[in-house]
Amino acid sequence: MSTMVIYATKRGSSELYAKTFAQKNKYQIIKQEQASSEELAKADEVYYFGSVYAGKVLGLEELKKKLTGNNRLTILSVGLTAVEDQEKLAEIREGVSKVFPQASFYHLRGRLIKQQLNMPEKIILKMISKSSKKKSLQEKMEIEKAIEQAVDEGSVDCIDLSELEKIG
Ligand SMILES: Cc1cc2nc3c(=O)[nH]c(=O)nc-3n(C[C@H](O)[C@H](O)[C@H](O)COP(=O)(O)O)c2cc1C
């Protein structure tokens, strides 16, 4: 059986998870933009690591166009949302199941380095951090705590490669 790992990233978190997973299992790995439908058609099994921006996993529509539907698909979203942030996680999961109702789904936590962001992104995060600061600790979602940390300290790293052991 042939298995392929695909990833879609802006700043490397999904790539790190995908590469670690592929290396450990000796699977072929390709960046989403470079994966052709011909190549994907040869895979029985596909693991797709995609970063979450504004509640959506990157590149799902593009992936949909390239897959024939014969592959067993697992989608792994990578974002600052934590499992405890049930509503946020449900939103990500819903977006995935709209495009791929049959796919298995896992969520992994990513990282954020303020220096790597563009100006509109910095502004969005600053706004989120500002409104999060008005909440009590109990009210705050984990993603809000992480964004506050990135804004105040310059970065936040929630990557946990050991989470990959749960996948399979
Ligand atoms: C503008 C912006 C929007 C984001 N929106 C979300 C989001 O809706 N949900 C989430 O879990 N993480 C969100 N994140 C956090 C990213 O998913 C996280 O930084 C991830 O590790 C980025 O992956 P990459 O390094 O592979 O690009 C956002 C980050 C930025 C900069």
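Bear in mind that the values here come from a model prediction, so they are computed numbers and not experimental data.

Draft legend 1. Seen up close, the pattern of salt bridges. This structure, assessed with the given rule, holds eight salt bridges. Residue Arg72 pairs with Glu45 through a salt bridge whose shortest N-O separation is 3.0 Å. Here Glu45 lies in strand β3 (residues 45–53) and Arg72 lies in strand β5 (residues 72–79), a separation of 27 residues in the sequence. Residue Lys145 pairs with Glu142 through a salt bridge whose shortest N-O separation is 2.9 Å. Of the two residues, Lys145 and Glu142 are both situated in helix α6 (residues 142–153); the distance of three residues between them amounts to about one turn of the helix. By relative accessible area, Lys145 is classed as partly exposed at 30%.

Draft legend 2. The arrangement of the side chain of Glu45 in detail. Residue Glu45 is classed as buried on the basis of its relative accessible area of 5%. For Glu45, the side chain forms a polar contact with the side chain of Arg72, separated by 3.0 Å. Not counting chain neighbours up to four residues away, the residues in contact with Glu45 comprise Met1, Ser2, Thr3, Met4 and Arg72.

Draft legend 3. Inspection of the site of the ligand at higher detail. In the vicinity of the ligand, 21 residues are found, and the nearest of them are Thr9, Ser13, Ser51, Val52 and Thr81. Between the ligand and Ser14, the relevant distance is 3.1 Å, taken from an oxygen atom to a main-chain nitrogen or oxygen of the residue. The backbone of Val78 places a nitrogen or oxygen atom 3.5 Å from an oxygen atom of the ligand. For the shell around the ligand, the secondary structure elements donating two or more residues are α1 (13–25), β3, β5 and β7 (111–113). Its residues placed into classes, the shell around the ligand shows eight nonpolar, nine polar and four charged.

Draft legend 4. Quick peek at the packing of helix α5 (residues 119–133) against α6. Direction vectors running N to C along α5 and α6 enclose 115°, while the axes themselves pass 9 Å from each other. Relative to α6, the crossing made by α5 is left-handed. Between α5 and α6, the contacting residues are Leu125, Lys126, Ile128, Ser129, Ser132 and Lys133 on the first element and Glu144, Ile147, Glu148, Val151 and Asp152 on the second.

Draft legend 5. Quick peek at α6. Given a rise of 1.5 Å per residue, twelve residues ought to cover 16 Å, and the 16 Å separating the end C-alpha atoms of α6 matches this to within 8%. Positioned one or two residues after α6, Gly154 has a phi angle of 100°, which is positive.

Draft legend 6. Local environment of a nonpolar patch on the surface. On the surface, a cluster of nonpolar side chains totalling about 340 Å² of accessible area is made up of Met119, Ile123 and Met127. If you trace the backbone, Met119 turns up in helix α5.

Draft legend 7. Examining the environment of Ser13 more closely. Inspection of the secondary structure assignment puts Ser13 in helix α1. For Ser13, a relative accessible area of 9% translates into the label buried. A sequence separation of 136 residues divides Ser13 from Gln149, and the C-alpha atoms of the two residues are 17 Å apart. Discounting residues that sit within four places of it in the chain, Ser13 has contacts with Val78, Gly110, Arg111 and Ile159.

Calculation criteria
- Residues numbered from 1 in each chain as written.
- Predicted model: local features only at pLDDT ≥ 70, side-chain atom pairs only at ≥ 80, totals over all residues.
- Heavy atoms only, no water.
- Salt bridge = Lys/Arg side-chain N within 4 Å of Asp/Glu carboxyl O.
- Helix = DSSP H or I, 4+ residues; strand = E, 2+ residues; numbered from the N terminus.
- Buried < 20%, exposed > 50% of the residue type's maximum accessible area, 1.4 Å probe, protein only.
- Polar contact = N/O pair within 3.5 Å; in protein donor to acceptor, adjacent residues only side chain to side chain.
- Contact = heavy atoms within 4.5 Å.
- Near = heavy atom within 4 Å.
- Nonpolar A, V, L, I, M, F, W, Y, C, P; charged D, E, K, R; others polar.
- Axes fitted to C-alpha atoms, helices over the stretch in contact; angles between N-to-C directions.
- Left-handed = near helix turned anticlockwise from the far one by under 90°.
- Expected span 1.5 Å × (residues − 1).
- Patch = residues over 30% accessible without salt bridge, like charges linked within 9 Å, V, L, I, M, F, W, Y side chains within 5 Å.
- Areas by Shrake-Rupley, 256 points an atom, 1.4 Å probe, with all protein chains shown as cover.

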